[in-house]
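The chain contents come next:
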Amino acid sequence: RQFDGKAADMPAQIHHPDGKGPYPLLVFSPGGNAASFQGYRPYGRWFATWGYVTVIVAFNDERARERADKFSKVIDWARAETDRKGSPLFGMIDKDKVAAVGHSRGGAAALFAGAKDKRIDAVLALAPSGPVEQPEGEHAPKACVIIGSTDKFMHAATKGFGFQKGERVMFVIKDMTHMLQPREQVLKLVRRSTAFLEYALKGDVRYREPLVEAKEGIAVETGSASAPK
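Residues numbered from 1 in each chain as written. Predicted model: local features only at pLDDT ≥ 70, side-chain atom pairs only at ≥ 80, totals over all residues. Heavy atoms only, no water.

Undergrad: Explanation requested: the overall build of the protein in the structure shown.
TA: When you go through the protein residue by residue, the secondary structure sums to six helices and nine strands. Computed over C-alpha atoms, the radius of gyration of the protein comes to 16 Å, within 12% of the 17 Å expected from 2.2 N^0.38 for 229 residues, which places it in the range of a compact globule. Considered along the principal axes of its C-alpha atoms, the protein spans approximately 45 × 40 × 35 Å. The buried share of the protein, taken over its 229 residues, is 55%. (Helix = DSSP H or I, 4+ residues; strand = E, 2+ residues; numbered from the N terminus. Rg over C-alpha atoms; globule rule 2.2 N^0.38 Å. Buried < 20%, exposed > 50% of the residue type's maximum accessible area, 1.4 Å probe, protein only.)

Here it is as structure tokens:
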């Protein structure tokens, strides 16, 4: 199910499963300055079918680092909504299972947010574009970076991946563009994304080994002492 509204006073599109919950929460940032949540509906719908409440937020700002604090405000809003009788999200959100997700500049913002907010259990950065800076904060959520082999932001994604202090995995998908095309390559992205979230947020260890399996067109790198071998 889907509805448009406001999340922490910012325009948002909310996707949620057709059930009572509670479900893990994904706070999703579009790319660029995130002036609109449009264009990311397929991702919201996909994750909702797998049992996630996905809040796609039009942050409408310029700097990825500053957006990290806005992720925290959206988490505050979501936690309040799941406790508020009359809210369409009443009882829907599992407060102990939260991921920061984003594409391009939004992916970089998600990496920054994960280092600062201890309520974030996982970070999923899709083609993060930078800036290439050490995140502030000592929190170390599980992290997943996914980027195309020809993406001009490969350096930023690799540096961002290296800065992550917890269990981490990076996928390089052959011939996928920065704008997450073509479709057959993006299918690989959403499958690995889902496997990561099932493992990192829901604790389903059945996804651990398949998650880091290299296949044709997908290169894999892991990191941290606790990373899957």
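Undergrad: Before we go on, may I ask you to explain the pairing of strand S6 (residues 122-126) in this structure?
TA: Moving residue by residue along a regular strand, the side chains alternate between the two faces of the sheet. Counting buried positions along S6 yields five of five residues, so the element is predominantly enclosed. Every second residue of S6 is oriented toward a common face, with Ala122, Leu124 and Leu126 on one face and Val123 and Ala125 on the other, all of them buried. Across five bridges, the pairing between strand S5 (residues 93-103) and S6 is parallel. Of the residues in S6, the one forming a bridge with Ala100 is Val123. (Pairing = 2+ DSSP bridges.)

Undergrad: Where do I start with the sheet that holds strand S2 (residues 10-15) in this structure?
TA: In sheet architecture, strand pairing relies on hydrogen bonds along the backbone and comes in two forms, parallel and antiparallel. Strand order in the open sheet made by the nine strands is S1-S2-S4-S3-S5-S6-S7-S8-S9, with mixed pairing throughout. Both edges of this open sheet fall to strand S1 (2-7) and strand S9 (218-223), since each of them pairs with a single strand only. Here the average twist between neighbouring strands, direction ignored, is 20 degrees. In terms of strand pairing, strand S3 (residues 23-29) meets S5 through six bridges, oriented parallel. Residue pairing for S5: Leu26 is matched across the bridge by Ala99. (Axes fitted to C-alpha atoms, helices over the stretch in contact; angles between N-to-C directions.)

Undergrad: I would appreciate a short explanation of the pattern of salt bridges in the present structure.
TA: Note that side chains of opposite charge can pair when their charged atoms are close. Under the definition given, this model contains 17 salt bridges. Residue Asp18 pairs with Arg1 through a salt bridge whose shortest N-O separation is 3.1 Å. Placement of Asp18 in the loop between S2 and S3 and of Arg1 in the segment before S1 is noted, with a sequence separation of 17 residues between them. What makes Arg1 exposed here is its relative accessible area of 61%. Across the pair Asp94 and Lys97 runs a salt bridge, and its minimum N-O distance is 4.0 Å. Accessibility expressed as a relative area gives 17% for Asp94, which makes it buried. Here the salt bridges share partners, and the residues they tie into one network are Arg65, Asp69, Lys116, Glu133 and Glu136. (Salt bridge = Lys/Arg side-chain N within 4 Å of Asp/Glu carboxyl O.)

Undergrad: When you look at the packing of helix H2 (residues 64-83) against helix H3 (residues 105-116) in this model, what are you seeing that I'm missing?
TA: When two helices pack together, their arrangement is captured by the angle between the axes and the distance separating the axes. Here H2 crosses H3 at 60 degrees, and the two axes come no closer than 7 Å. Judged by the inter-axis angle, H2 sits oblique to H3. Our pair here, H2 against H3, has a crossing hand that is right-handed. Mapping the contact onto sequence places Ala64, Arg65, Arg67, Ala68, Asp69 and Phe71 in H2 and Arg105, Gly106, Ala108, Ala109, Ala110, Phe112, Ala113 and Lys116 in H3. Of the residues contributing to the contact of H2 with H3, the split by class is eight nonpolar, one polar and five charged. (Parallel < 35°, antiparallel > 145°, perpendicular 65-115°, else oblique. Left-handed = near helix turned anticlockwise from the far one by under 90°. Contact = heavy atoms within 4.5 Å. Nonpolar A, V, L, I, M, F, W, Y, C, P; charged D, E, K, R; others polar.)

Undergrad: Before we go on, may I ask you to explain the side chain of His178 in this structure?
TA: Within the secondary structure, His178 sits in the loop between strand S8 (168-173) and helix H5 (183-200). Judged by its relative accessible area of 14%, His178 falls in the buried class. Engagement of the side chain of His178 in a polar contact is seen with the side chain of Ser104, the distance being 2.7 Å. Among all residues touching His178, those that are not within four sequence positions of it are His103, Ser104, Ala127, Ser129, Asp151 and Phe153. (Polar contact = N/O pair within 3.5 Å; in protein donor to acceptor, adjacent residues only side chain to side chain.)

Undergrad: Please explain helix H4 (residues 154-163) as it appears in this structure.
TA: The periodicity of an α-helix, 3.6 residues per turn, causes residues three or four positions apart to be oriented the same way. Those residues of H4 that sit buried are Ala156, Ala157, Gly160, Phe161 and Phe163. Taken around the axis of H4, the buried residues stretch over an arc of 160 degrees, which confines them to a single face. Where the residues of H4 are buried, they touch H3, strand S7 (142-148), S8 and S9. (Arc of directions from axis to C-beta.)

Undergrad: Explain H5 to me, please; I cannot follow it from the model alone.
TA: Taking 1.5 Å of rise per residue, 18 residues should cover 26 Å, and H5 covers 25 Å from first to last C-alpha, within 8% of that figure. Counting buried positions over the 18 residues of H5 gives 13, a clear majority of the element. (Expected span 1.5 Å × (residues − 1).)

Undergrad: Looking at this structure, how should I read unusual backbone geometry?
TA: Excluding glycine, most residues fall at negative phi; most peptide bonds, likewise, are trans. The residue after Gly21, namely Pro22, is reached through a cis peptide bond having omega 5 degrees. Its place among the elements puts Pro22 in the loop between S2 and S3. The residue after Gln181, namely Pro182, is reached through a cis peptide bond having omega -5 degrees. Its identity as a non-glycine residue notwithstanding, Asp9 has a phi of 70 degrees, on the positive side. The residue Leu180 is not glycine, and still its phi comes out positive at about 60 degrees. Turning to its location among the elements, Leu180 is positioned in the loop between S8 and H5. According to the relative accessible area criterion, Leu180 is buried, its value standing at 5%.

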